[in-house]
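# Inside the fold
If you want the building blocks of each chain, they are given just below.
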Amino acid sequence: MKWDEFFVTGEPMIYAAMVSIVVVSLAIPIALTYFKKWNWLWTNWLTTVDHKKIGVMYILAALLMLFRGGVDALLMRAQTAVPDNGLLDGQHYNEIFTTHGVIMILFMAMPFIIGLMNVVIPLQIGARDVAFPRLNAVSFWLFFAGAMLFNISFVIGGSPDAGWSAYFPLASIEFSPTVGNNYYAIALQIAGIGTLLTGINFLVTILKMRAPGMTLMKMPMFTWSVLITNVIIVFAFPVLTVALALMTLDRQFGTQFFAMQSGGMDMLWANLFWVWGHPEVYIVVLPAFGIYSEIIATFARKNLYGYKSMVVSMVAISLLSFVVWAHHFYTMGHGVMVNSVFSITTMAIAVPTGVKIFNWLFTLRKGKISFTTPMLYSLAFIPIFTIGGVTGVMLAMASADYQYHNTMFLVAHFHYVLIPGTVFAVIAGFHFWFPKVFGFRLNEKLGKLAFWFIIVSFNVTFFPLFILGLNGMTRRMYTYSASTGYGALNMLSMVGAVGLAIGFIILVYNIYWSVRYSPRDTNGDPWDGRSLEWSTHSPVPEYNFAVIPQVNRLDAYWFAKKEGKPLADTVYEPIHMPNNSGLPVIMGALFFFWGFFMVFSWWIPAILSFAVIIALMAYRSFEKDHGHYISVEEIERTENAYRGEQHEN
Amino acid sequence: MMKQLFPAQHVMGFLFSLLLSLIALVVVWFDLSFTAGITILIVTALVQAGLQLFLFMHVKENAESKTLYLNILYALFVGLVTIFGTLFAMHWGYMVR
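Residues numbered from 1 in each chain as written. Chains lettered and ligands numbered in written order. Predicted model: local features only at pLDDT ≥ 70, side-chain atom pairs only at ≥ 80, totals over all residues.

## Side note on the interface of chain B and chain A
Quick note on the threshold: Our contact criterion uses C-beta atoms placed from the backbone: two residues qualify when those atoms are within 7 Å. Gly falls in the polar group here, along with every residue not listed as nonpolar (Ala, Val, Leu, Ile, Met, Phe, Trp, Tyr, Cys, Pro) or charged (Asp, Glu, Lys, Arg).
In this assembly, 15 residues from chain B lie in contact with 17 residues from chain A. Partitioned by chemical class, the residues of the side of chain B that touches chain A number 10 nonpolar, 5 polar and no charged.

## Side note on the confidence of the model for chain B
Here is the rule: A score between 0 and 100, pLDDT records how confident the predictor is in each residue.
Of the residues in chain B, 94% have a pLDDT of 70 or more, and the chain-wide mean is 83. Confidence estimates for the predicted assembly give a pTM of 0.92 and an ipTM of 0.80.

## With respect to unusual backbone geometry
Residues and elements named next belong to chain A. Our working rule: Only DSSP runs of H or I with at least four residues qualify as helices, and only runs of E with at least two residues qualify as strands; both kinds are numbered from the N terminus onward.
Going from Phe168 to Pro169, the amide bond is cis rather than trans, its omega being 0 degrees. Locating Pro169 in the fold gives a position in the loop between α6 (133–152) and α7 (180–208). That bond from Ser538 to Pro539 is cis: its omega, -15 degrees, falls within 30 degrees of zero. Among the structural elements, Pro539 can be located in the loop between α16 (487–517) and α17 (556–563). Backbone geometry places Asp84, a non-glycine residue, at a positive phi of 50 degrees. For Asp84, the position within the fold is in the loop between α4 (51–80) and α5 (90–124). Even without being glycine, Lys366 reaches a positive phi, approximately 60 degrees. Take Lys366: it is sitting in the loop between α11 (336–364) and α12 (373–396).

## Re helix α2 (residues 12–34) of chain A
All names here are of chain A. Formally: Every helix has an expected span of 1.5 Å times one less than the residues it contains. Working definition of burial: number of other C-beta atoms within 10 Å of the residue's own, with buried at 20 or more, exposed at 12 or fewer, and partly exposed in between, all C-beta atoms being placed from the backbone.
Here α2 spans 32 Å end to end across 23 residues, near enough to the 33 Å set by a 1.5 Å rise per residue. Among the 23 residues of α2, 0 are classified as buried, and the element is accordingly described as predominantly exposed. Lys36 occupies a position one or two residues after α2 and carries a positive phi of about 55 degrees.

Shown next, in the form of structure tokens:
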């Protein structure tokens, strides 16, 4: 490789990005040194195994990636806003839509969901941490290493440019000779291993660590949705791991799994990708369903309608999600029989999803609804997601799909599913659980302002795409001539995109405003919540619960409040907690370097860094780490401090 | 006393798994047709996997064997769907050859 190819050159925007990356990476260490915060950062955050802090780091990283992916989206909308636009060239446009897709799904939606899981699940089931706290930290740092590796492709070596689905033969070394798709394969591999570990961790946590008395059918709905999501993660992610390994072998080691020569098959990539990819859609959507269930029940002041049918429909969705993948490539050579089978299974998914929609509506019926920001997002979700779902059924009809396939109609459909289905949910969950983590609510006025900007602009951005798609505009085209007549609707979509950006800026400003001025909560239960996380203090103490609560029914905390009986007595015992460790973050850094060397096929450093990773794992096997105990006196001191603060207010 | 201490079940299981391996070797030793060979291999592999799982990996003796069975069932479902679904979508039902 020539050194002048190492850095991406020739684009003013990329030079600007390089400058900003250098400035930021200089500013962070300088600021840390100036404010003497290195030690604080290391002991409180980088080495932490506390599920709440790991969750916060996941969400911070997700917000960061939301803005990276959002800038990609704005650039795409700006490029297509007018006919024959020359803002971006074709190559740059390809890179941007590829990174937009990968970042939004894998480095924004996934970590945001996993972050909320981390913060909420142990609290909701009355546990003091996850089953494997150290592994949890490893998961986070692997995700972070993958995300950072993927992002530096922008300035070093060039971004992947074969679409977020990276179909062969386009993604093969023959047609994509730059290192861009190596970044794709390796960065996703590293982050994917992290996700798989999270899946195992939370599966064990939910099955093994629930508070006494909380049987499976007494779990809060968010916990149920996360349990099922993690089952899907454990069974779907190995397929991605294998597919990406085959991609790396094909691109860098000369094998021909996805080439037509020597008995390989290019379409096999699309097949394997979607065997993982479709369950992945449900991995990001099911926890969102759980979040909405919690929020709707809380703010309708009613118990969730149809608890059992909610659970059954989620299990049904989890099974069906594995038998629909071929609907992503109906038009690529299947016979009639294959398309018919996958059409029917796809339409069948609408049934359990419909059951859930009706359950939410019945929960709202005759409820005393309070229109808080999280509730507004949940209410907006129902109709908008239904539009996404109905257009999904349209796309599910294989014969009609020949018309819709690869048009903007499809793009509009999946944005109508994923934005209300995931983005609104994580924002709603963010507003909802924010006071639990930080001890104060986000400002409602600013929250609602951001909500209206986001909700209106979302529809202005994406509804025109349905019409553009039906008029024949294909996805991923970087420009078009004025005679096609696509100009006006694309301009409208651009206006919507700017509105969305303003909405998200207000959201972030709201965080800043609330940190400074929002009144502090006093009792740990600002929303009059139903599940166990609201029964402890805010911000949550290190050990979560001074005494593990006893559960006897669904929404036990709600009924305990109504009946005035506490869930736990106040006899303290020493609490066993895990120790912090620097190994996970070091592992993450090593994986980052290993990935970087692999991308550029620098084998010797790659082998060396991998050897260190193995050595660290071996060291961990022999490490004696029994954790530490928090003494009764310290618990008493902490608990009294929380109560003292309350009296002062 | 000796009878209780002697792990008869496991010894029998071990011998049986050796026997299964020997049967599988037949495919290499004798000149069988492809269909006969692959049938023998699939049958012995399935029995062998079951034997290992239930006898030696203590699925039965676990306190939560119900969860484990459910897990195995789900894994089988996903595995079989992936393999046969891929064959169905990309080979048997594929128009373009």
